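# Survey of secondary and tertiary structure
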Amino acid sequence: MQQDTSDKGEILEVVVDGAEASTRLDRVLALHSPALSRSRLKALILAGRVAVKGAPIRDPAYHVAKGDTITIDVPEAAPAEPEGEAIALDVVYEDDDLIVIDKPAGLVVHPAAGHETGTLVNALIAHCGASLSGIGGVKRPGIVHRLDKDTTGLMVAAKNDRAHASLSAQFADHGRTGAMRRGYLAFAWGLPNRQRGTIEAAIERHPHAREKMAVRESGRHAVTHWEVRETYAGRGGRPAASLIACQLETGRTHQIRVHLAYIGHPLLGDAVYGAHFATKASALYPKARAALASLGRQALHAYLLTLEHPTTGEIMTWEAPLPADLARLQNALKAAD
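Now for a description of the structure that goes with this document. (Residues numbered from 1 in each chain as written. Predicted model: local features only at pLDDT ≥ 70, side-chain atom pairs only at ≥ 80, totals over all residues. Heavy atoms only, no water.)

### Considering the packing of helix H6 (residues 286-295) against helix H7 (residues 324-335)
The axes of two packed helices give the description: the angle between them and the distance between them. The condition that has to hold: A fitted line through C-alpha atoms represents every axis, and for helices the fit uses only the stretch in contact; the resulting angles, taken between N-to-C directions, go from 0 to 180 degrees. Going along the chain from the N terminus, every DSSP run of H or I of four or more residues is numbered as a helix, and every run of E of two or more is numbered as a strand. What sets the label is the angle itself: under 35 degrees gives roughly parallel, over 145 gives roughly antiparallel, 65 to 115 gives roughly perpendicular, and the rest give oblique. Here a crossing is taken to be left-handed if its near helix is turned anticlockwise relative to the far helix by less than a right angle, and right-handed if that turn runs clockwise. Pairs of residues are marked as contacts when any of their non-hydrogen atoms sit within 4.5 Å. When residues are sorted by character, Ala, Val, Leu, Ile, Met, Phe, Trp, Tyr, Cys and Pro go into the nonpolar class, Asp, Glu, Lys and Arg into the charged class, and all the rest, Gly among them, into the polar class.
Contact geometry of H6 with H7 gives a least axis separation of 7 Å together with a crossing angle of 160°. By the criterion of interaxial angle, the relationship of H6 to H7 is roughly antiparallel. As for the relative orientation of H6 and H7, their crossing is left-handed in sense. Here Lys287, Ala288, Ala291, Leu292 and Leu295 of H6 come into contact with H7, specifically with Asp325, Leu326, Arg328, Leu329, Ala332, Leu333 and Ala335. The residue inventory of the contact of H6 with H7, partitioned by class, reads nine nonpolar, no polar and three charged.

### Side note on unusual backbone geometry
Even without a glycine there, the phi angle at Ser22 is positive, about 65°. You can see Ser22 is positioned in the loop between strand E2 (9-15) and helix H1 (25-32). We note that Lys53 has phi near 55°; this positive angle belongs to a residue other than glycine.

### A word on the packing of H1 against helix H2 (residues 38-46)
Between H1 and H2, the shortest axis-to-axis distance is 10 Å and the interhelical angle comes to 130°. Relative to H2, the element H1 lies oblique. The crossing of H1 and H2 is right-handed. Only Arg38, Leu41 and Ile45 of H2 make contact with H1, whose side of the interface consists of Leu25, Asp26, Arg27, Leu29 and Ala30. Along the lines of polarity and charge, the residues of the contact of H1 with H2 split into five nonpolar, no polar and three charged.

### Regarding the pairing of strand E16 (residues 315-319)
So the rule is basically this: Three exposure classes are used, based on accessible area relative to the maximum for each residue type with a 1.4 Å probe and protein chains only: buried under 20%, partly exposed in between, and exposed over 50%. Paired strands, as defined in this entry, are two strands with at least two bridges between them according to DSSP.
Burial along E16 is one-sided: the face carrying Met316 and Trp318 is buried and the face carrying Ile315, Thr317 and Glu319 is not. Judged from the five bridges that link them, strand E15 (residues 300-308) and E16 form a sheet pairing that is antiparallel. Across the sheet, the residue bridging to Thr306 is Thr317, located in E16. Between E15 and E16, which follow one another and run antiparallel, lie six residues, and Gly313 among them has a positive phi close to 80°.

### Quick word on the pattern of salt bridges
The following threshold applies: When a carboxyl oxygen of Asp or Glu lies within 4 Å of a side-chain nitrogen of Lys or Arg, that pair is called a salt bridge.
Inspection of the entire model under this criterion finds 11 salt bridges. A salt bridge links Arg49 to Asp73, with the shortest nitrogen-to-oxygen separation between them at 3.0 Å. Pair noted here: Arg49 is in the loop between H2 and strand E3 (50-52) and Asp73 is in strand E5 (residues 69-75), with a separation of 24 residues, a long-range link. Looking at Arg49, the relative accessible area reads 31%, which means it is partly exposed. The exposure class assigned to Asp73 is buried, which follows from its relative accessible area of 16%. Note that Glu227 is salt-bridged to Arg196, the shortest N-O span being 3.0 Å. On the criterion of sequence distance, the pair formed by Glu227 in strand E13 (residues 223-233) and Arg196 in strand E10 (residues 196-200) is long-range, its members being 31 residues apart. One connected set of salt bridges, linked through shared partners, spans Asp148, Arg257 and Asp270.

Nothing here speaks to function; it is all geometry.
Structural data, given as structure tokens:
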């Protein structure tokens, strides 16, 4: 790979050899550009900053040919850092190494297009001060995992580099060899045909709707373990919804929402993955129907977090009760009137 510089940053050049012919563009670039993450490379492709034989290619799945010359225009990193903002946080635990918060619905985790301010990162910078600066990258100081904007519940953030490295490794392992556990409560349509199970289905970006993820064989390995906790009858006595406890073995974007929709039980209130179930609200009793209508988000809550403390090695567990809106939904579903 050749490298040049310009006032825009760097220009990288890759020439495809015979062994790489008929390989996806994003995979070839990942082999030759170890300093750039796969997500960064994908963003550069979609932005039109990657050209094959001089022509911009915006499809990461484009198959290259032997002898193709690929150029990557890598812009200079944005120097701006997010600023602290006085945003209230529900702090569950805090020490010199980490902070655990109970995230409310509507709070975006880190700055991004359309959400440059008012995020959890802005709140953490104000709350924790300079100790967070730079950890995890300019845009995500201290962040080692995420929750969707409208998913509530427990999140941990690192307050120094040592804690960040330890927590990142634990989240990458997802409890396969360590103590890490992430538990979620999901209110889902219908009732699965058994009490518990495991969903093992690869996930990647939806090919036609970029804001969605989808189960696809070419995606990244994803595993969700689930168990039915409660069942709620609708009008006529048939099961209309259920409360499902989920535990993640991997951490893909929208994983629980995608996996439960995949087995035919999307989340209540999920306008992205459960829109085709909206008419099923007519099967609910009036109180439940009203509680769901006022929810305005997917009914998902991260209630359990277990991890090994990065300094002491102590196994620590926190639980967060359902927030008020989901507690109202649960009570209404139980009421049957």
